[in-house]
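Remarks on the overall topology
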Amino acid sequence: MTYPSMVLLVAIVVTGVLLVKVVPVFAQTYESFGGALPAFTLLILNISSSRRPWWLPVIGLAVVFGFAFAQGRRRSPDLPICRQDDAQDSHHRQNPE
């Protein structure tokens, strides 16, 4: 469960950085061409420009959510998402020692 979560987190962070930092640089380059842009390119440019003012609140919310999730997981070990013994039990059933 940890590995897929980390891969997803890295993908989201990389996508966010690309939208907020890299795409605006390309937008300036595309504007200098003066030609018509494809619809998909315009979509990405519009998403980037609409997300740029919100990057700091989104990071803040992600940190708060992560902290709240970690606290909830620590305080409520009976939740199905928090059970570590299920994975260990299935491993022992497959590989009895």
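Remember, predicted model here, so these are calculated numbers, not experimental data.

Another aspect to go through is the overall build of the chain. Per the secondary structure count, the chain includes four helices and zero strands. Classification of the 97 residues of the chain by burial places 8% in the buried group. Accessible surface, the chain as shown: approximately 8300 Å² in total, 68% of it carbon and sulfur.

Before going further, it helps to examine the packing of aromatic side chains. Inspection of every chain in the model, using the stated rule, returns one aromatic pair. Geometrically, the ring pair formed by Phe65 and Phe69 is stacked, given 6.5 Å between the ring centres and 25° between the ring planes. One end of the pair is Phe65 and the other is Phe69, both in helix α3 (residues 55-75) and four residues apart, which spans about a single turn.

Turning to a nonpolar patch on the surface, a few remarks are in order. Judged by side-chain polarity, Val10, Val14, Leu18, Val22 and Phe26 come together as a nonpolar surface patch covering roughly 410 Å² of accessible area. By the element assignment, Val22 lies in helix α1 (residues 2-33).

A few words on the side chain of Ser48. Residue position: Ser48 is located in helix α2 (residues 39-51). Taking relative accessible area as the criterion, Ser48 reaches 0% and is therefore assigned buried. With residues up to four places along the chain from it excluded, the contact list for Ser48 reads Leu19, Val23 and Pro24.

Here the focus is the packing of α1 against α2. The N-to-C vectors of α1 and α2 enclose an angle of 130°; their axes lie 9 Å apart at closest approach. Here α1 is positioned oblique relative to α2, judged by the angle of their axes. Here α1 and α2 pass one another in a crossing that is left-handed. Judged by residue contacts, Leu19, Val23, Pro24, Ala27 and Tyr30 of α1 engage Thr41, Ile44, Leu45, Ile47 and Ser48 from α2. Grouping the constituent residues of the contact of α1 with α2 by class yields eight nonpolar, two polar and no charged.

Thresholds, definitions, all that
- Residues numbered from 1 in each chain as written.
- Predicted model: local features only at pLDDT ≥ 70, side-chain atom pairs only at ≥ 80, totals over all residues.
- Heavy atoms only, no water.
- Helix = DSSP H or I, 4+ residues; strand = E, 2+ residues; numbered from the N terminus.
- Buried < 20%, exposed > 50% of the residue type's maximum accessible area, 1.4 Å probe, protein only.
- Areas by Shrake-Rupley, 256 points an atom, 1.4 Å probe, with all protein chains shown as cover.
- Phe/Tyr/Trp six-rings, centres within 6.5 Å; stacked < 30°, edge-to-face > 60°.
- Patch = residues over 30% accessible without salt bridge, like charges linked within 9 Å, V, L, I, M, F, W, Y side chains within 5 Å.
- Salt bridge = Lys/Arg side-chain N within 4 Å of Asp/Glu carboxyl O.
- Contact = heavy atoms within 4.5 Å.
- Axes fitted to C-alpha atoms, helices over the stretch in contact; angles between N-to-C directions.
- Parallel < 35°, antiparallel > 145°, perpendicular 65-115°, else oblique.
- Left-handed = near helix turned anticlockwise from the far one by under 90°.
- Nonpolar A, V, L, I, M, F, W, Y, C, P; charged D, E, K, R; others polar.

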